[in-house]
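Examination of the molecular architecture
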Amino acid sequence: MKPTHNSFCHYKFPSGSPWSRGSPRPSVSASSPLRASQVVKPGAGPPERVDPAAGRGFRRTDGTRAGAPSLAMDPECALLLPGLCAVLADPGQPVADDTCLEKLLDWFQTVTETGSSLRLLQDNPCLVELLSHVLGTQDAPAGLLSFALRLAGIFGAQESGFQYLQQGELLSGLFGDAGPLGQAAWTVPSVRSGWVQGLRSLAQHPSALHFLADHGVLDTVFSLQRDPSLFVASAASQLLAHVLALSMQGAAGSPPAPQDGAWPTCARRIVGHVEESLCSTAAPQVTQALNVLTSTLGRCHGHWTKALWAQLSPLVARLLEREPVPAAHSLVDLLLSVARSPVFSSADSGPWDMAARTLSRLGPLQAGPLALGLLKLQHCPQTLRTQAFGVLLQPLACVLKASAQAPEAAGLLDGAPGSSVPVDSLLSSKSACVGLLCQTLALLEELQPLPQRPSPWPQEALLGAAVTMLRLCGGGAAPASSLGGRLCRTLAGCVRVQRAALDFLGTLSQGAGPQESVTQVFAALLECLESPDSSPTKRLCSPCWEVRDSALEFLTQLSRCWAEQADFRRALLASEVPRLARQLLQDPESYVRASAVTAVGQLSGWGLQPASTSPQHPGAQQGLLGELLHILTTDSEGFPRRAVTQVLTEWLRAGHADVAQDTEQFVATVLQVVSRDLDWEVRAQGLELARVFLVQTLGQPGAGCPYAVGLPVASSPSALPAALHALGRVRLLDFALCALLDCDRPVAQKACDLLLSLRAELARRGGLQEAGGSPDPAAVEAALRGWRTGEQGQPLGELAPAAMLAVLDAMDLEGFRGRLAESSDRVERSPQSLLQDMLAAAGVRENQADCY
């Protein structure tokens, strides 16, 4: 998978600076990497680039929480809340941003989870006033109405809060017939979704169940199962499953059937609705009923589920008598949900007979997932396991029979009952054939490594099937009939099936096989490689950029493994591959250029790269190094520039010939270019190159250094001044200090670690004494003064070794690293900040909003 452009937002420097003795923080000037829009509230730390919902520690829309800050209702928030409620209720104010409302709901959810909703409502009457205002406004905006419905559900989740709101008939007004159901806003899906979500939060206690039963709420939920919005329909089905489970909570033993009247009202209503839907001739209604049952039986394991399944399973079984079977995918999900439940683990109570009938009735594309799900269950009866495995093998046996491979087909289906897959069904269309074969191979690939896979495992037959499909795709299989000829024409040149078969062969290679089968596999693989479609030259020239890109990646992996083999080197240099790979450095697609940089850089490292084929291209006259530096300087996309810095770092680490000619000039040039790059990953990789040069210059770091690498270079203490002069000539300290104040946190952290490593190594080697005496105070003070005021554009110049040590000693790098490691949005994620932002957006308070 290719990397994506960085989506973090910039952060401001931590309060304070990396300088010790209370020196001022760097200012934000025109030359600073910070922009005015990136300034955050006073006292805020550096806001790290994080997901906005995750960074503030609120629950996301799927219900998960990305952090757990202290979100209790503090006095500051209580003071801001009346103003915010007034803004939300003001028709003259635009409705707050949906994201802010979502965060506000998450905050109230957390507050009520850790405290009393009754106390919250009593201490903050503005909340009840807001709900009352929304209820009394006929033309309330859809966003505000949805927010109010969900907020009321959160407050009513505790029985005390529920009773408090019901004193004023607020809940009846919001969720009953007199509520938004008759308003124009009900046509907006977000309002219907908010209504369902509010009820889902509300339904947590017996009072809420009585409310649902007495106010006609369930009828509306039933109708919303058919909502045109899939989100609303799904939420309605989930709500019914939740209410059914809540109604039966605490049922002891195995209760009588629902129709006996012993079940609660809500449970009887929902079960009756499910029965009606299962008997419907409309497939969508059947699907809705099956989804409710799947959710209920999948997460509820009380004994009452046995009574529920006993009553409804005959209706589910009747679905198999229809032609075609309605809602096949939902039926499969239901059967697997029941089969996985510990309540139905015994052979006499499980859905095994119905599952066997379903395997026989469904087509192979629909039955495959059910077969795999059953085979994964340890307690599945053996006869059903045998049938399920036969269902998975039938498409492969069909392929073998159609291509003169009958012995292997017989081996696949030995003892496998069930209806066979006719070739006509397989060849109904090319898309159906390709989809079925790819699904079958994927399911068997998933089953192969599992301990509960069938035994004996037909390794030889499966190898034969995979080889046959490769030959069918390559046009080398011999058809046994006219239908076999149609199959050959259908699969000829099919890349999807070819890739699926190759992946399946890779999985089967984990097991043993007879020598004859292994020979057939290698022969088929060789045929694939010798096919004109597999020619590397053809792929590097393909009009499809994905093909060119994958060919370059394969070349990189191949040369990494085989570059030292003489036969490989001769074959590669005798081909057009190196020349074509270098041509792709100018490919119009940035992904391809990046892959070409990596491939060409690695080939050059092994001496396998020819001269440039485009002498007129800028940088080509200076060799490959000049061409790569030209890409690093001028390419408009980040991916190729990142690849160049990685290649150049590896060249420096390995002592590439082009680098060894003048290492200092090479490092100085790269650092100068990288320091101006707008891509933070390029700058971070430049710090890695600087680290490699640092280690090579100073020698092996001490045992305490976090950057120790196994390089053969060693430096004696007497050589320390010369090594420091080399660091000064390449402006390494300039580069690292500039990166220390980088507006991207990963770069600043890497620079801080690099400088700490340098300082620790210099201290280990004797510090100022070995560096040549005392520093020039004027030079040190000038350097510190410039950087304390944030003059990042002013270079330090080539400092004397002693001055370099003094500059490093004057910096509070440990403290700066600690501030960088702090959660960057520790202030901005607070509820108080959220309320201030929403008020600021409405112009109520003068306060700068967060930069998210």
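The model shown is predicted, which means the values in this text are computed figures rather than measured ones.

What counts and how
- Residues numbered from 1 in each chain as written.
- Predicted model: local features only at pLDDT ≥ 70, side-chain atom pairs only at ≥ 80, totals over all residues.
- Heavy atoms only, no water.
- Helix = DSSP H or I, 4+ residues; strand = E, 2+ residues; numbered from the N terminus.
- Buried < 20%, exposed > 50% of the residue type's maximum accessible area, 1.4 Å probe, protein only.
- Areas by Shrake-Rupley, 256 points an atom, 1.4 Å probe, with all protein chains shown as cover.
- Phe/Tyr/Trp six-rings, centres within 6.5 Å; stacked < 30°, edge-to-face > 60°.
- Axes fitted to C-alpha atoms, helices over the stretch in contact; angles between N-to-C directions.
- Parallel < 35°, antiparallel > 145°, perpendicular 65-115°, else oblique.
- Left-handed = near helix turned anticlockwise from the far one by under 90°.
- Contact = heavy atoms within 4.5 Å.
- Nonpolar A, V, L, I, M, F, W, Y, C, P; charged D, E, K, R; others polar.
- pLDDT = per-residue confidence, 0-100.
- Salt bridge = Lys/Arg side-chain N within 4 Å of Asp/Glu carboxyl O.
- Core = buried A, V, L, I, M, F, W, Y, C linked by side-chain atoms within 4.5 Å.
- Expected span 1.5 Å × (residues − 1).
- Arc of directions from axis to C-beta.
- Polar contact = N/O pair within 3.5 Å; in protein donor to acceptor, adjacent residues only side chain to side chain.

Another point: the overall build of the protein chain. In terms of helices and strands, the protein chain carries 44 helices and zero strands. When each of the 852 residues of the protein chain is scored for burial, the buried share is 52%. For the protein chain, the computed accessible surface area is about 36800 Å², with 54% contributed by carbon and sulfur atoms.

Let us now look at the packing of aromatic side chains. Using the criterion set out here, one finds 10 aromatic pairs in the structure. Judged by centre distance (5.6 Å) and plane angle (25°), the ring pair of Phe 389 and Trp 457 falls under stacked. One end of the pair, Phe 389, is in helix H19 (residues 382-402); the other, Trp 457, is in the loop between helix H22 (430-447) and helix H23 (459-474), with 68 residues separating them in the sequence. Geometrically, the ring pair formed by Trp 545 and Tyr 591 is tilted, given 5.3 Å between the ring centres and 40° between the ring planes.

What follows covers unusual backbone geometry. Looking along the chain, the bond that leaves Glu 323 and enters Pro 324 is cis, with omega of -5°. Secondary-structure assignment places Pro 324 in the loop between helix H15 (304-318) and helix H16 (328-340). Note that the residue after Ser 455, namely Pro 456, is joined by a cis bond; omega there is 5°. Within the fold, Pro 456 resides in the loop between H22 and H23. Although it is not a glycine, Glu 169 adopts a positive phi angle of roughly 55°. Mapped onto the secondary structure, Glu 169 falls in the loop between helix H7 (159-166) and helix H8 (170-175). Even without a glycine there, the phi angle at Ala 327 is positive, about 50°. Turning to its location among the elements, Ala 327 is positioned in the loop between H15 and H16.

Before going further, it helps to spend a moment on the packing of helix H11 (residues 217-224) against helix H12 (residues 230-247). Where H11 meets H12, the closest approach of the two axes is 8 Å, and the angle between their N-to-C directions is 135°. Considering their axes alone, H11 and H12 lie oblique with respect to each other. As H11 runs across H12, the sense of the crossing is left-handed. Listed contacts from H12 to Leu 218, Val 221, Phe 222 and Leu 224 of H11 are Val 232, Ala 233, Ala 236, Leu 239 and Leu 240. Across the contact of H11 with H12, the residue classes break down as nine nonpolar, no polar and no charged.

With that settled, the discussion passes to the confidence of the model for the protein chain. Looking at the protein chain, pLDDT values average 79 and 76% of them are 70 or higher. Every residue in residues 1-72 scores below 50 in pLDDT, and together they form 190 contacts with partners more than four places removed in sequence or on other chains.

Okay, the pattern of salt bridges next. One pass over the structure, following the stated rule, counts 24 salt bridges. Here Arg 192 makes a salt bridge to Asp 227, at a shortest N to O gap of 2.6 Å. Here Arg 192, found in helix H9 (residues 189-202), pairs with Asp 227, found in the loop between H11 and H12; they are 35 residues apart in sequence, far enough to count as distant. For the pair Arg 192 and Asp 227, one class covers both residues: buried.

Counting residues in each nonpolar core, the largest one holds 161 residues, and the members touching the most others are Leu 104, Phe 155, Trp 195, Leu 199 and Leu 374. For this core, the element with the most residues is H19, which contributes 10 residues. Look past the residues within four positions of Leu 199 in its chain and what remains in contact with it is Phe 175, Phe 211, Leu 212, Val 217, Val 221 and Leu 239. In terms of nonpolar packing, the next biggest core, distinct from the first, is built from 79 residues, Ala 551, Val 673, Met 811 and Phe 816 among them.

So, about the side chain of Gln 183. Among the structural elements, Gln 183 can be located in the loop between H8 and H9. In contact with Gln 183, not counting residues within four places along its chain, are Thr 137, Gln 138 and Leu 145.

Between its first and last C-alpha, helix H13 (residues 265-278) extends 20 Å over 14 residues, near the 20 Å set by a 1.5 Å rise per residue. What H13 keeps buried is the set Cys 266, Ala 267, Ile 270, Val 271, His 273, Val 274, Ser 277 and Leu 278. What you see down the axis of H13 is that its buried residues fit within an arc of 160°, all on one side. Residues of H13 that are buried in the fold lie against helix H10 (206-214), H11, H12, helix H14 (283-299) and H15.

On to helix H31 (residues 590-605), then. Here H31 is 16 residues long and its end C-alpha atoms lie 23 Å apart, about the 22 Å a rise of 1.5 Å per residue gives. Where H31 begins, one side-chain oxygen reaches toward the backbone nitrogen of Tyr 591, 3.3 Å away; that side chain belongs to Glu 589. Gly 607 sits one or two residues past H31 and shows a positive phi near 70°.

Take the packing of helix H5 (residues 125-136) against helix H6 (residues 142-155) next. Two elements in contact, H5 and H6, have axes whose closest approach is 10 Å; the angle formed by their N-to-C orientations is 135°. Compared by their axis directions, H5 and H6 come out oblique. As H5 runs across H6, the sense of the crossing is left-handed. From H5, Leu 127, Leu 130, Leu 131 and Val 134 reach across to H6, where they touch Leu 144, Leu 145, Phe 147, Ala 148, Leu 151, Ala 152 and Phe 155. Partitioning the contact of H5 with H6 into residue classes produces 11 nonpolar, no polar and no charged.

A few words on the environment of Gly 182. Locating Gly 182 in the fold gives a position in the loop between H8 and H9. The class for Gly 182 is exposed, based on a relative accessible area of 71%. Along the chain, Gly 182 and Gln 138 lie 44 residues apart, while their C-alpha atoms are 9.6 Å from each other.

By the element assignment, Val 292 lies in helix H14. Note on Val 292: relative accessible area 2%, which makes it buried. The sequence separation of Val 292 and Ala 241 amounts to 51 residues, and the corresponding C-alpha distance is 5.4 Å. Filtering out sequence-adjacent residues up to four positions away, Val 292 remains in contact with Gln 225, Ser 237, Leu 240, Ala 241 and Val 274.

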